[in-house]
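This is what each chain is made of:
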Amino acid sequence: MRERAIVFEGVHKSYPLYYHITGGFKNFLFNFPKSITQFITTRYDVLKGVSFEVLRGETFGIIGRNGAGKSTTLGLIAGVLKPSSGAVTVQGRVSPLLELGAGFNPELTGRENIVLNGVLMGLTRAEVVRRIGEIIEFSELGNFIDQPIRMYSSGMLARLGFSVVALLDPEILLIDEVLAVGDADFQKKCLSKMMQFKKNGVTMIFVSHSLKDVEEICDRAVWIDNQRIRMLGPAREVVNGYKRAL
Ligand SMILES: Nc1ncnc2c1ncn2[C@@H]1O[C@H](COP(=O)(O)OP(=O)(O)O)[C@@H](O)[C@H]1O
Ligand SMILES: [Mg+2]
């Protein structure tokens, strides 16, 4: 049996619901001590009892509407979020390509951010420096690489982000929607890089609005709906199920 890279066991994730006052503000004041307790203890559930496994070397897609909990799931895998209950187990080094520019310092140049990110991912500075030429070439950022990244467009940030995580030997690669902001040529280049990773046995978790890409690249996929797993199985079946429900 193939080794498991990621295991979710009955994972719940909720956030405090600070802004939600049931019954209006007057009612809130009128029922005062009781309402304040309710106010503090009310929580908004993002994931309710989610369980799945990703095997080593698998390419696994996550689909679902906006706000379904896809990015939250990736955050839990990356360890930047903790489950409210249940367990998340990850075996291997995670290279997260999460929201645009997360982990980048706007005042540093593209080049400096590459080194910073590589080190944050657990590589030595020497390892990063050895690979930096290749990373810059892949990014096609040209002279912009020595400009502070606050001058970058969202497409340029996506180029930098993908190049860093993709060229530093990822073991478990998390990709959240970032390809959507790049231009068509760069998207194609990223997708072919991902196909190469697939052949080389890199574990990938892929969140994308492009159902076609999910179907083409992923072995299996999960559809998250209403805080729960609605469907889990071969990517094509899950994508088709999701399309039927739209
Ligand atoms: N830090 C946070 N505090 C409160 N609510 C959050 C936070 N992050 C995400 N959420 C809520 O959790 C839900 C799921 O978000 P997310 O995982 O980003 O969805 P998706 O990536 O599928 O669009 C959304 O309703 C969002 O508003
Ligand atoms: Mg998201």
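Coordinates for the structure precede this section.
Residues numbered from 1 in each chain as written. Chains lettered and ligands numbered in written order. Predicted model: local features only at pLDDT ≥ 70, side-chain atom pairs only at ≥ 80, totals over all residues.

Enquirer: Hey, could you go over the environment of Gly57 for me, with residue numbers and the actual values?
Expert: On the secondary structure map, Gly57 appears in the loop between β2 (43-55) and β3 (59-63). Between the alpha carbons of Gly57 and Phe186 there is a distance of 24 Å; along the sequence they are 129 residues apart. Contact partners of Gly57, with chain neighbours within four places excluded, come to Arg2, Gly201 and Thr203. (Helix = DSSP H or I, 4+ residues; strand = E, 2+ residues; numbered from the N terminus. Contact = placed C-beta atoms within 7 Å.)

Enquirer: Residues and numbers for the sheet that holds strand β4 (residues 85-90), please.
Expert: Strand order across the open sheet formed by three strands is β2-β1-β4, with antiparallel pairing between neighbours. Two strands close off the open sheet at either side, each with one partner strand: β2 and β4. The mean angle between the axes of side-by-side strands here comes to 20°, regardless of whether they run parallel or antiparallel. Bridging between strand β1 (residues 4-16) and β2 involves nine bridges; their strand directions are antiparallel. Following the sheet pairing, Val11 is matched in β2 by Val50. (Pairing = 2+ DSSP bridges. Axes fitted to C-alpha atoms, helices over the stretch in contact; angles between N-to-C directions.)

Enquirer: Break down the sheet that holds strand β9 (residues 228-234) for me, with residues and values.
Expert: Strand order in the open sheet made by the six strands is β5-β6-β7-β3-β8-β9, with mixed pairing throughout. Two strands in the sheet have a free side with no partner beyond their single neighbour: β5 (94-97) and β9. Ignoring strand direction, the axes of neighbouring strands in this sheet form an average angle of 15°. Pairing analysis gives four bridges linking β3 to strand β8 (residues 220-225), with the strands arranged parallel. Of the residues in β8, the one forming a bridge with Ile62 is Val222.

Enquirer: Provide a residue-level description of the pairing of strand β6 (residues 172-176), including the pertinent values.
Expert: Here β6 lies mainly inside the structure; five of its five residues are buried. Burial of β6 is two-sided: the residues Ile172, Leu174 and Asp176 facing one way and the residues Leu173 and Ile175 facing the other way are all buried. For β5 and β6, the ladder comprises four bridges, and the chain directions are parallel. Note that in β6 the partner of Leu97 across the bridge is Ile175. Direction of pairing for β6 relative to strand β7 (residues 203-207): parallel, over a ladder of five bridges. (Buried ≥ 20, exposed ≤ 12 C-beta atoms within 10 Å, placed from the backbone.)

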